[in-house]
Amino acid sequence: MDGIISKLRNFDAYPKINEDFYSRTLSGGLITIASSFIMLLLFISELRLYLHAVTETKLVVDTSRGETLRINFDVTFPALACSMLSVDAMDISGEQHLDVKHDIIKNRLDVHGNVIEARQDGIGGPKIEKPLQRHGGRLEHNETYCGSCYGAEASDDDCCNNCEEVREAYRKKGWAMSNPDLIDQCKREGFLQRIKDEEGEGCNIYGFLEVNKVAGNFHFAPGKSFQQSNVHVHDLLAFQKESFNVSHKINKLSFGDYFPGVVNPLDSVQWIQETPSGMYQYFIKVVPTVYTDVSDHTIQTNQFSVTEHFRSAEVGRLQSLPGVFFFYDLSPIKVTFTEEHVSFLHFLTNVCAIVGGIFTVSGILDSFIYHGQKAIKKKMEIGKFS
């Protein structure tokens, strides 16, 4: 038994030295304190990395098909009234959403930016007792109201019972409404009066759009939009104005849901128009993104980058439509973020590397200083005796 124990002692890689042979120095004490402090700092840093999740990023080809894209927006126009402003969306597949009203809220703003009124899109107003019927007479008692569409009826049975329906019928025909005061419904509802009452006001418009996941654009522009000879046109004659100030501030703009660490470059961006009229354009590259947290909850969303351009309405050229346009295109590359915890074995390995590495380096440094001092001291003693 004693022979086995003796053989095991021969494997000892850490031979012990009697304490009587230890020589403790001031430099060794200082190096020990400094190395212990550094070791503690690195240990705390490694512990924080272990306790918190790390995010791994990968790039893959986006193979998804037939999905929709949610566009969240909150934009303020300090010099454009809510009654003038409309939202349109269209894409390269040919699908169009003109004068979108659902899921959109407009806030009327005074000159100081305070909210006057919040409402769904559309214009309401009082109606007189006897509106004009389609056949030309006034509405009588016990008679069903059917207003005229003023030649824009798609069939003989169509009725336009308010100003908005007349404007919509005109839009479908590709006609512009030059003078709303000649339209009985608009005159009764005070369409022009409403525009005059909101003169000098601003508008905050917010909500979201659900569009196809293909390249396209959406825009905020004055007037009701329609197609004329396959050209997208806005009816501006009804407002009886020569210029429109499309200065704006983008409070929020995102493509999809929020995820930790996302940066939307257009949030809080503001632009002031200096020319009488023009078109402000944002060209956006949308990058599909998948974020998976440590609990395996997945968020399908998007990031984007953007460039900007302003087209002014110069004399002698085709006047550009006043408004703010967002042209977006989709990247074929998808970014995936995955949150993961560092394994305990990885943490233990790093801690051992920290302790061993600092201990070794401090030992080499202490040995260098100790032998250097010893050599200098010996030379000084030789110099005294010579």
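It should be noted that the structure appears before, not after, this text.
Keep in mind it's a predicted model, so treat the numbers as computed, not measured.

Parameters at a glance
Residues numbered from 1 in each chain as written. Predicted model: local features only at pLDDT ≥ 70, side-chain atom pairs only at ≥ 80, totals over all residues. Heavy atoms only, no water. Helix = DSSP H or I, 4+ residues; strand = E, 2+ residues; numbered from the N terminus. Buried < 20%, exposed > 50% of the residue type's maximum accessible area, 1.4 Å probe, protein only. Disulfide = S-S within 2.5 Å. Phe/Tyr/Trp six-rings, centres within 6.5 Å; stacked < 30°, edge-to-face > 60°. Lys NZ or Arg CZ within 6 Å of the ring centre and 35° of its normal. Pairing = 2+ DSSP bridges. Salt bridge = Lys/Arg side-chain N within 4 Å of Asp/Glu carboxyl O. Expected span 1.5 Å × (residues − 1). Core = buried A, V, L, I, M, F, W, Y, C linked by side-chain atoms within 4.5 Å. Contact = heavy atoms within 4.5 Å.

J.: Please give an account of unusual backbone geometry that cites residues and values.
T.: For residues besides glycine, phi is generally negative; the peptide bonds are generally trans as well. For Ser 268, which is not glycine, the phi torsion reads 70° and is therefore positive. As for its placement among the helices and strands, Ser 268 is situated in the loop between β11 (248-255) and β12 (269-271). Residue classification places Ser 268 among the exposed positions, given a relative accessible area of 54%.

J.: Which residues make up the state of the cysteines, and what values go with them?
T.: If you walk through the whole model with that rule in mind, you get two disulfides. With a sulfur-sulfur separation of 2.1 Å, Cys 82 is cross-linked through a disulfide to Cys 203. Residues Cys 82 and Cys 203 are joined by a disulfide whose S-S torsion is about 100°; by sign, that bridge is right-handed. Separated by 121 residues along the polypeptide, Cys 82 in the loop between β2 (68-77) and β3 (85-91) and Cys 203 in strand β7 (residues 202-212) bring together distant segments of the chain. Accessibility assignment for this pair places Cys 82 and Cys 203 in one class, buried.

J.: Talk me through the packing of aromatic side chains; I want residue IDs and the actual numbers.
T.: Taken as a whole and judged by the stated rule, the model has 21 aromatic pairs. Relative to Phe 327, the ring of Phe 283 lies with its centre 5.4 Å away and its plane at 15°, an arrangement referred to as stacked. Remark: Phe 327 occurs in strand β15 (residues 323-330) and Phe 283 occurs in strand β13 (residues 278-292); sequence separation between them is 44 residues. Take Phe 327: its relative accessible area is 26%, and that puts it in the partly exposed class. Taken together through their ring pairs, the aromatic side chains of Phe 73, Phe 77, Phe 218, Phe 220, Phe 255, Trp 271, Tyr 280, Tyr 282, Phe 304, Phe 310, Phe 326 and Tyr 328 make up a single cluster. For the cation-ring pair, Arg 70 lies above Phe 208, with the distance from its terminal atom to the ring centre recorded as 3.7 Å.

J.: Can you break down the environment of Ser 277 residue by residue, with the values?
T.: Topologically, Ser 277 is positioned in the loop between β12 and β13. By relative accessible area, Ser 277 is classed as buried at 7%. C-alpha of Ser 277 to C-alpha of Pro 322: the two residues are 45 residues apart in sequence and 6.1 Å apart in space.

J.: Summarise the pairing of β13; cite the residues concerned and give the values.
T.: Most of β13 is tucked away: 13 of the 15 residues are buried. As paired elements, β13 and strand β14 (residues 298-312) share 15 bridges and run antiparallel to each other. Paired with Pro 288 across the bridge in β14 is Asn 302. Two elements, β13 and β15, share eight bridges in a ladder whose sense is parallel. Looking at β15, one finds that Tyr 280 is bridged to Val 324.

J.: Please provide a residue-by-residue account of the pattern of salt bridges, values included.
T.: A complete count under the given rule lists five salt bridges for this structure. A salt bridge links Asp 62 to Lys 213; the nearest nitrogen and oxygen atoms lie 3.8 Å apart. Note that Asp 62 is positioned in the loop between β1 (54-61) and β2 and Lys 213 in the loop between β7 and β8 (216-222), a separation of 151 residues in sequence. Taking relative accessible area as the criterion, Asp 62 reaches 12% and is therefore assigned buried. Here Asp 62 makes a salt bridge to Lys 334, at a shortest N to O gap of 3.6 Å.

J.: Residue-level account of helix α2 (residues 26-51), with values.
T.: Helix length check: α2 (26 residues) gives 38 Å between terminal C-alpha atoms against 38 Å at 1.5 Å per residue, within 8%. Among the residues of α2, those classed as buried are Ser 27, Gly 28, Ile 31, Ser 35, Met 39 and Glu 46.

J.: Please provide a residue-by-residue account of the pairing of β3, values included.
T.: The element β3 is largely enclosed, with a buried count of seven among its seven residues. Where β3 meets β8, seven bridges bridge the pair, whose relative direction is antiparallel. Pairing of Ala 89 across the sheet is with Phe 218, part of β8. Of the pairings in the sheet, the one linking β3 to strand β4 (residues 96-97) comprises two bridges and is antiparallel in character. The partner of Ala 89 across the bridge, within β4, is His 97. Between β3 and β4, which pair antiparallel one after the other, the connecting turn spans four residues, and Gly 94 there sits at a positive phi close to 100°.

J.: Describe the nonpolar core, listing the residues and the values that go with them.
T.: Leu 209, Phe 218, Phe 220, Leu 253, Phe 255, Ile 284 and Phe 326 are the most contacted members of the largest nonpolar core, which has 36 residues in total. Every element with two or more residues in this core is listed here: β2, β3, β7, β8, β11, β12, β13 and β15. Per element, the largest residue contribution to this core is five residues, and it comes from β2. Look past the residues within four positions of Phe 220 in its chain and what remains in contact with it is Phe 73, Val 75, Phe 77, Leu 85, Ser 86, Val 87, Ile 205, Gly 323, Val 324 and Phe 326. Among the nonpolar cores identified, the runner-up in size contains nine residues, and Cys 149, Ala 152, Ala 169 and Ile 183 belong to it.

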